[in-house]
Amino acid sequence: MVHAIGIDVGGTLTKVAFFDDNQKLTFLYFLSDDLQRVSDWIALFDDDVKIGLTGGRAEQLKTFLRCHDNLHYLVEFDATVAGVNYQLQKDGKNFPDAVITNIGTGTSIHYHRGDEHKRISGTGIGGGTLLGMSALMTGIHQFDEIVQLSARGSRSEVDMLVSDIYFGNKTPIDGGLTASNFGAAGLTPLMERSKEDILATVQGLVGEVISTLSIQCAFAEDVEHIVYIGSTLSGNIPLQNIIGNYTKRKNRTPIFLRDNGYSGAIGALLSIRKEN
Ligand SMILES: Nc1ncnc2c1ncn2[C@@H]1O[C@H](COP(=O)(O)OP(=O)(O)OP(=O)(O)O)[C@@H](O)[C@H]1O
Ligand SMILES: [Mg+2]
């Protein structure tokens with residue numbers, strides 16, 4: 001029997017975590033623009049099931065759950081960090097401090113050490129940007145399709161590298177770095193680019209902005225590990241590669257979790273268990 005459910009109602013996706021009958025941690029997601037479905041799903045459980053709620057749209061979900069007496073609200077950042085800690089421990093990963101970068105609809109960056117954590121930065125470039133720019137530039141708006149097609153694309157005719165600018169001459173910084181995301185497309189605008197190439201370049205833009213900012217935060221806080229989470233990374237190996245490679249290039253250690261999108265839901269779930 002399920003006694004408790006953790007729910008993270010995000011700007012795009014509502015993530016749910018609970019321990020099933022065999023005490024296996026189980027995950028599920030819904031689209032946040034259909035909260036009635038979430039409410040219908042919750043109604044399948046016993047009335048006394050305890051619910052830990054977090055996320056920007058938690059208040060909105062509450063209006064669908066008027067009769068529910070067992071709600072426990074947790075601040076999004078507290079839930080996220082608690083969830084990440086649990087996931088790291090489960091994976092046998094232990095370090096004294098870390099930068100945690102949550103790539104949701106937007107991106108929020110945290111510093112975490114022991115029991116202490118603070119939000120240190122963020123950017124509007126996130127999973128919503130990936131969906132939005134992809135839709136506007138290629139007409140494709142399904143996340144899975146964007147990821148699949150981008151994996152087959154090449155950025156070389158769309159981006160401009162430092163080495164492209166220096167034209168074979170000695171470069172003052174690493175020639176393989178991006179000098180200008182989408183910069184080559186502006187110089188030869190009439191040249192056709194495939195959807196695959198455009199999508200690969202959108203992933204590059206999103207990944208490089210987020211990792212650049214996260215790396216700067218890691219330098220500022222003198223931290224080695226950057227834990228990247230959020231559903232934007234779910235099954236998104238091209239984005240993980242862009243972020244992972246850039247982070248390593250800057251001598252920081254990137255960490256990706258198995259269930260990238262569920263840290264907030266896990267944190268919300270654990271908060272109820274703690275209460276009991
Ligand atoms: N099935 C899906 N449908 C839509 N987007 C998806 C899907 N799977 C992954 N994504 C990606 O995940 C992103 C949302 O990530 P996440 O669920 O972590 O954010 P959120 O919690 O909804 O937003 P925020 O934390 O900013 O309020 C989307 O913008 C999209 O890029
Ligand atoms: Mg979120």
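Residues numbered from 1 in each chain as written. Chains lettered and ligands numbered in written order. Predicted model: local features only at pLDDT ≥ 70, side-chain atom pairs only at ≥ 80, totals over all residues. Heavy atoms only, no water.

### Some remarks on the pattern of salt bridges
So, step 1. Tallying each qualifying case throughout the model produces nine salt bridges.
So, step 2. Across the pair Arg258 and Asp91 runs a salt bridge whose closest N-O atoms are separated by 2.5 Å. In this pair, Arg258 is assigned in the loop between strand S12 (253-256) and helix H10 (263-275) and Asp91 in the loop between helix H3 (76-90) and strand S6 (97-103), connecting sequence segments 167 residues apart.
So, step 3. Taking the relative accessible area as the measure of exposure, Asp91 reaches 25% and is therefore partly exposed.
So, step 4. Through salt bridges with shared partners, a single ionic network connects Asp91, Lys93 and Arg258. (Salt bridge = Lys/Arg side-chain N within 4 Å of Asp/Glu carboxyl O. Helix = DSSP H or I, 4+ residues; strand = E, 2+ residues; numbered from the N terminus. Buried < 20%, exposed > 50% of the residue type's maximum accessible area, 1.4 Å probe, protein only.)

### Quick word on the domain arrangement of the chain
So, step 1. Its domain assignment divides the chain into domain 1 (4-78 + 263-275) and domain 2 (127-158 + 193-256).
So, step 2. Each of domain 1 and domain 2 has a C-alpha centre, and these two points are 28 Å apart. (Domains from an automatic or database assignment.)

### Regarding the site of ligand 1
So, step 1. In the vicinity of ligand 1 lie 18 residues, with Gly11, Thr12, Lys15, Thr105 and Ser231 positioned nearest.
So, step 2. The contact in question runs from an oxygen atom of ligand 1 to an N or O atom on the backbone of Gly127, over 3.1 Å.
So, step 3. Taking 650 Å² as the accessible area of ligand 1 by itself, protein coverage stands at 86%.
So, step 4. Residue assignment for the shell around ligand 1 shows that the elements contributing at least two residues are strand S2 (13-19) and helix H4 (127-138).
So, step 5. The element that contributes the greatest number of residues to the shell around ligand 1 is H4, accounting for three residues.
So, step 6. Residues that form the shell around ligand 1 fall into these classes: five nonpolar, eleven polar and two charged.
So, step 7. Built from parts of two domains, the shell around ligand 1 gets at least three residues from each of domain 1 (4-78 + 263-275) and domain 2 (127-158 + 193-256). (Near = heavy atom within 4 Å. Polar contact = N/O pair within 3.5 Å; in protein donor to acceptor, adjacent residues only side chain to side chain. Areas by Shrake-Rupley, 256 points an atom, 1.4 Å probe, with all protein chains shown as cover. Nonpolar A, V, L, I, M, F, W, Y, C, P; charged D, E, K, R; others polar.)

### Section: the sheet that holds strand S4 (residues 50-54)
So, step 1. In space, the five strands of this open sheet follow the order S3-S2-S1-S4-S5, with mixed pairing throughout. Two strands close off the open sheet at either side, each with one partner strand: strand S3 (25-31) and strand S5 (71-73). Each neighbouring strand pair of the sheet contributes to a mean axis angle of 20°, computed without reference to strand direction.
So, step 2. Both strand S1 (residues 4-9) and S4 contribute to a ladder of five bridges, which runs parallel. Looking at S4, one finds that Asp8 is bridged to Thr54.
So, step 3. Lying over the sheet, helix H1 (residues 35-42) contacts S1, S2, S3 and S4, oriented at roughly 145° with respect to S3. (Pairing = 2+ DSSP bridges. Axes fitted to C-alpha atoms, helices over the stretch in contact; angles between N-to-C directions. Contact = heavy atoms within 4.5 Å.)

### Regarding the side chain of Gln240
So, step 1. Mapped onto the elements, Gln240 comes out in helix H9 (residues 237-249).
So, step 2. Given the relative accessible area of 16%, Gln240 is considered buried.
So, step 3. Contacts of Gln240, omitting those with residues within four sequence positions, involve Leu233, Phe256 and Asn260.

### A look at the packing of aromatic side chains
So, step 1. Throughout the structure, instances matching the rule amount to six aromatic pairs.
So, step 2. Ring centres of Trp41 and Phe45 lie 4.9 Å apart, and the angle between their planes is 70°; on these two criteria the pair is classed as edge-to-face.
So, step 3. Judged by its relative accessible area of 13%, Trp41 falls in the buried class.
So, step 4. Among the aromatic residues, ring-to-ring pairing joins Phe18, Phe30, Trp41 and Phe45 into one connected group. (Phe/Tyr/Trp six-rings, centres within 6.5 Å; stacked < 30°, edge-to-face > 60°.)

### Brief notes about the packing of helix H5 (residues 143-151) against helix H8 (residues 195-221)
So, step 1. Look at H5 against H8: their axes get within 7 Å of each other, and the N-to-C directions meet at 105°. In terms of orientation, H5 lies roughly perpendicular with respect to H8. Two secondary-structure elements touch here, H5 through Ile146, Val147, Leu149 and Ser150 and H8 through Glu196, Leu199, Ala200 and Gln203.
So, step 2. A per-class count over the contact of H5 with H8 returns five nonpolar, two polar and one charged. (Parallel < 35°, antiparallel > 145°, perpendicular 65-115°, else oblique.)

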